[in-house]
Amino acid sequence: MPDGTYQRIMGGAMSTMMDGITSQITAMPLAPFLRSAGLPAADTARMGKATLKQVMEIVDPAYDQRMRVMMPVMMREMGRVMSQVEPQMRDGLAHAYAAHFTSAQLRDIDRFFNTPSGGAFASQNMTIASDPAVVRTLTAFMPTLVQALPGIMQKTQAAVADLPKAKTPQTLSDADRQKLGRLLGTYIGRAPQMGAPAPAAPAAPAGPDRAVAPVGNIAALFGPDAYPPAAMRAESQGRVVANLGIDPAGKAFACTIAVSSGSSVLDARTCEIAIATMRFTPATDHKARPIAGTYQLPVRWVLPADAGPERASAAPTPVGS
């Protein structure tokens, strides 16, 4: 395994192969893949023979050129990274050979490797798979593999059909959302139910005619009883700014922390209260129809001067401002 083996493997031939594979995959119709991934047949039927390439050419007019430029760079840089592991790979190969061959066989192999033919074979043994002849064969086979992928995906899904279904924002428990909030610095609310698509409307001016507005006294929702006991014990306080997503019914369905208090407990609690209890006058469009909007919620959590871990009953006074 000569120095630079991985760099040669990931070089020109591999880059050309990956470019060909990507081109063939993106040229396949999207509908079979999406059906095998669980999208209802009624939805995929409307797609006809649309391909990912056609979609990307609209979203990114430079898609083809971007992929042609990116792929060689990606392969080259991956080769450089992989080159760092070559010494460890040599050691791993030595142990593998020792485990799979007897001493007598290893001596025979060593004698062969020390001949001109054996040395040439040993130096190219790993890189020969990236030879253009091999790459052409693999590339020619790709359409067969791509066509088989939907069936493969269906079989893999059938294999896990008896497992519990993954949770969605609608089925997450409050405890689940609290855990996600602590991990991600955001609060996952229940996504609004989406109805049938509305009929096309005339073009409207950019932005809603009326912005989202809170209903009631925000500060009252963040009163002393709302202060998290864990934050009180840790003497945590600070200012949180949360960005809320508000649905057309005036309920918050998403919460992202824009400015953290420095305490994940206080940040998560801010989002929990906003999602669970706050109500809003929704934004409206130019025809006064309710639409989704956003609201920035600043909350300052303040502990009393004499509150400490030993005085958990002291009433903190967070102030919504």
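Provided above is the structure to which this section pertains.
A quick note: this is a predicted structure, and the numbers were derived from the prediction, not measured.

**Considering the pattern of salt bridges**
When the charged atoms of two side chains lie near each other, side chains of opposite charge can form a pair. On inspection of all chains with the given rule, the structure shows eight salt bridges. With a closest N to O distance of 3.6 Å, glutamate 77 and arginine 76 form a salt bridge. Among the residues examined, glutamate 77 registers a relative accessible area of 32% and is labelled partly exposed. The exposure class of arginine 76 is partly exposed, given its relative accessible area of 36%. The residue glutamate 272 makes a salt bridge to arginine 269 at a minimum N-O spacing of 3.5 Å. Of this pair, glutamate 272 and arginine 269 both sit in helix H14 (residues 264–277), three residues apart, which is roughly one turn of the helix.

**What to know about the environment of threonine 294**
The residue threonine 294 is located in strand E8 (residues 293–301) in this model. By relative accessible area, which is 64% here, threonine 294 ends up exposed. Beyond its immediate sequence surroundings of up to four residues, threonine 294 is in contact with Val212, Leu244 and Ile246.

**Some words on the pairing of strand E3 (residues 238–246)**
With respect to burial, E3 is a largely interior element, seven of its nine residues being buried. Sheet analysis places E3 next to E8, joined by nine bridges and oriented antiparallel. Counted as the bridge partner of valine 241 is proline 298 from E8. Sheet analysis places E3 next to strand E4 (residues 252–259), joined by six bridges and oriented antiparallel. By the bridge assignment, asparagine 243 is partnered in E4 with threonine 256. Between E3 and the antiparallel strand that follows it, E4, lie five residues; glycine 250 among them carries a positive phi value of about 90°.

Cut-offs and rules
- Residues numbered from 1 in each chain as written.
- Predicted model: local features only at pLDDT ≥ 70, side-chain atom pairs only at ≥ 80, totals over all residues.
- Heavy atoms only, no water.
- Salt bridge = Lys/Arg side-chain N within 4 Å of Asp/Glu carboxyl O.
- Buried < 20%, exposed > 50% of the residue type's maximum accessible area, 1.4 Å probe, protein only.
- Helix = DSSP H or I, 4+ residues; strand = E, 2+ residues; numbered from the N terminus.
- Contact = heavy atoms within 4.5 Å.
- Pairing = 2+ DSSP bridges.

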